[in-house]
Amino acid sequence: MTSNCRRPEHTAPPDLFYNEVEARKYSQNSRMIEIQTQMSERAVELLNLPEGQPCFLLDVGCGSGLSGDFLSEEGHYWVGVDISTAMLDVALDREVEGDLLVGDMGHGMPFRPGTFDGCISISALQWLCNADKRSHSPPKRLYTFFSTLYSSLSRGSRAIFQLYPENSEQLELITTQAMRAGFGGGMVVDYPNSSKAKKFFLCLFAGVTGSLPKGLGTETSDRAVSNQVQYSGQRCRFKGMKGKSAKKGRDWILEKKERRRRQGREVRADTKYTARQRKPNF
């Protein structure tokens, strides 16, 4: 995991940390530009978009538009969302081709259902795990973001997040809220044995769960460290239900009722009789 020292999200809220001075680095620092471009290229590769077909993509935490530049080079159309007006001003000065929107990820994505063919995000998601105000609840803000993002994506599309997790608990928090919102998928780790080249990509599937892509550097890590963390290939809590159908068990029924409550439907309260097997009538 990433070291705790000098983490930007521990320094200040993102709209304050990414001020004019910090934003200028993303248009002047060649090393920073190179790294951002490489991670954007990898994220688009993990999106697994149709070849030769322009797509409409969302760039969350687009910053100065470096990721968007790569999307434009690949022939795609895109919309960028960022909380920092200083970073967006740099993007405007650079005359990026995508549309730009000021917005807080934790407030949700304000787009119509099925708008985008995919989503990428570079080095932004971990900011939602930090509470900058008393009213901020990281789990709630993550769920709000993921649930609205899920709605804005077309079914069968993917969302790829490159992130710098602080620890395993933070990864668990992020993936739990993503799965609650309806996503499938898991974590792809590139070069897991390298302290410098190691990169985490959260690969989420909207509607249709596919096979999780392999991380780079697998030839050196197959016997040492797994480079994939699968979060939704199967519902492990049903493994111990001998002789019972998963769709008739108590866990499945409770989950279904909770899902309908989140959709605003009227659902009966849970009791000790919920999912209880009734005796057959003679």
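Bear in mind the structure is a predicted one, so any value in this text is a computation, not a measurement.

Caption draft 1: Summary view of the side chain of Gln 162. Following the sequence through the fold, Gln 162 ends up in strand E5 (residues 153–163). Looking at Gln 162, the relative accessible area reads 0%, which means it is buried. A distance of 2.7 Å separates a polar atom in the side chain of Gln 162 from a polar atom in the side chain of Ser 123. In this structure, Gln 162 is in contact with Met 39, Ser 121, Ile 122, Ser 123, Ala 124, Lys 199, Phe 200 and Phe 201, ignoring residues within four places of it in sequence.

Caption draft 2: Summary view of the pairing of strand E3 (residues 99–102). Pairing between strand E2 (residues 77–82) and E3: 4 bridges, direction parallel. In the sheet register, Val 79 faces E3, and the bridge partner there is Asp 99. Read as a crossover between parallel neighbours, the route from E2 over helix H5 (residues 85–93) to E3 is right-handed.

Caption draft 3: Representation of the nonpolar core. If you look at the biggest cluster of nonpolar residues, it comprises 33 residues, and the most contacted ones within it are Leu 125, Phe 145, Phe 146, Leu 149 and Phe 161. Mapped by element, the contributors of at least two residues to this core are strand E1 (56–60), E2, strand E4 (116–122), helix H6 (138–152), E5, helix H7 (168–180), strand E6 (184–190) and strand E7 (199–205). With 6 residues, H6 is the single largest residue contributor to this core. If we skip the residues at most four places from it in the chain, Phe 145 touches Val 60, Met 105, Gly 108, Met 109, Leu 125, Leu 128 and Phe 161. If you look at the next biggest cluster of nonpolar residues, it comprises 21 residues, including Leu 49, Trp 78, Ile 122 and Ile 160.

Caption draft 4: Here's a closer look at the pairing of E4. Judged by how many residues are buried, E4 sits mostly within the fold: 6 of 7 residues are covered. Where E1 meets E4, 4 bridges bridge the pair, whose relative direction is parallel. Following the sheet pairing, Leu 58 is matched in E4 by Cys 119. Pairing between E4 and E5: 6 bridges, direction parallel. Bridging from a neighbouring strand, Phe 116 pairs with Leu 153 of E5. Crossover E4 to E5 through H6 is right-handed.

Caption draft 5: Representation of helix H2 (residues 20–28) within the structure. Of all the positions in H2, only Glu 22, Ala 23 and Tyr 26 are classed as buried. Down the axis of H2, the smallest arc covering the buried residues is 100°, so these residues share one side. Those residues of H2 that are exposed and aimed more than 90 degrees away from the buried face are Glu 20, Val 21 and Gln 28.

Caption draft 6: Up close: helix H3 (residues 30–47). Taking 1.5 Å per residue as the helical rise, H3 with its 18 residues ought to reach 26 Å, and the 26 Å between its terminal C-alpha atoms agrees with that figure. With a side-chain oxygen lying 3.0 Å from the backbone nitrogen of Arg 31, the N-terminal cap of H3 falls on Asn 29. Among the residues trailing H3, Asn 48 stands out with phi positive, at a value near 55°.

Caption draft 7: Main features of the pattern of salt bridges. Throughout the structure, instances matching the rule amount to 5 salt bridges. Here Glu 34 and Arg 31 are joined by a salt bridge, their closest N and O atoms 3.5 Å apart. Here Glu 34 pairs with Arg 31, and both are found in helix H3, just 3 residues apart, close to one helical turn. Residue Glu 34 is classed as partly exposed on the basis of its relative accessible area of 39%.

Caption draft 8: Quick look at the packing of H6 against H7. The interhelical angle for the contact between H6 and H7, taken along N-to-C directions, is 45°, at an axis separation of 8 Å. Between H6 and H7, the angle falls in the class oblique. Crossing angle aside, the handedness with which H6 passes H7 is right-handed. Facing H6, whose interface residues are Pro 138, Pro 139, Leu 142, Tyr 143 and Phe 146, H7 presents Leu 173, Ile 174, Gln 177, Ala 178 and Arg 180.

Caption draft 9: Inspection of the confidence of the model for the protein chain at higher detail. Put simply, the protein chain has an average pLDDT of 82, and 81% of its residues get 70 or more. Here strand E8 (residues 228–230) stands out as the element of the protein chain with the lowest mean pLDDT, 53, in contrast to E1, whose mean of 98 is the highest. Here residues 221–226 scores under 50 on pLDDT; set against residues more than four positions off or in separate chains, the count is 6 contacts. Residue range residues 232–247 is modelled with pLDDT below 50. Its contacts to residues more than four positions away, or to other chains, number 14 contacts.

What counts and how
- Residues numbered from 1 in each chain as written.
- Predicted model: local features only at pLDDT ≥ 70, side-chain atom pairs only at ≥ 80, totals over all residues.
- Heavy atoms only, no water.
- Helix = DSSP H or I, 4+ residues; strand = E, 2+ residues; numbered from the N terminus.
- Buried < 20%, exposed > 50% of the residue type's maximum accessible area, 1.4 Å probe, protein only.
- Polar contact = N/O pair within 3.5 Å; in protein donor to acceptor, adjacent residues only side chain to side chain.
- Contact = heavy atoms within 4.5 Å.
- Pairing = 2+ DSSP bridges.
- Right-handed = clockwise from strand over helix to strand, strands pointing away.
- Core = buried A, V, L, I, M, F, W, Y, C linked by side-chain atoms within 4.5 Å.
- Arc of directions from axis to C-beta.
- Expected span 1.5 Å × (residues − 1).
- Salt bridge = Lys/Arg side-chain N within 4 Å of Asp/Glu carboxyl O.
- Axes fitted to C-alpha atoms, helices over the stretch in contact; angles between N-to-C directions.
- Parallel < 35°, antiparallel > 145°, perpendicular 65-115°, else oblique.
- Left-handed = near helix turned anticlockwise from the far one by under 90°.
- pLDDT = per-residue confidence, 0-100.

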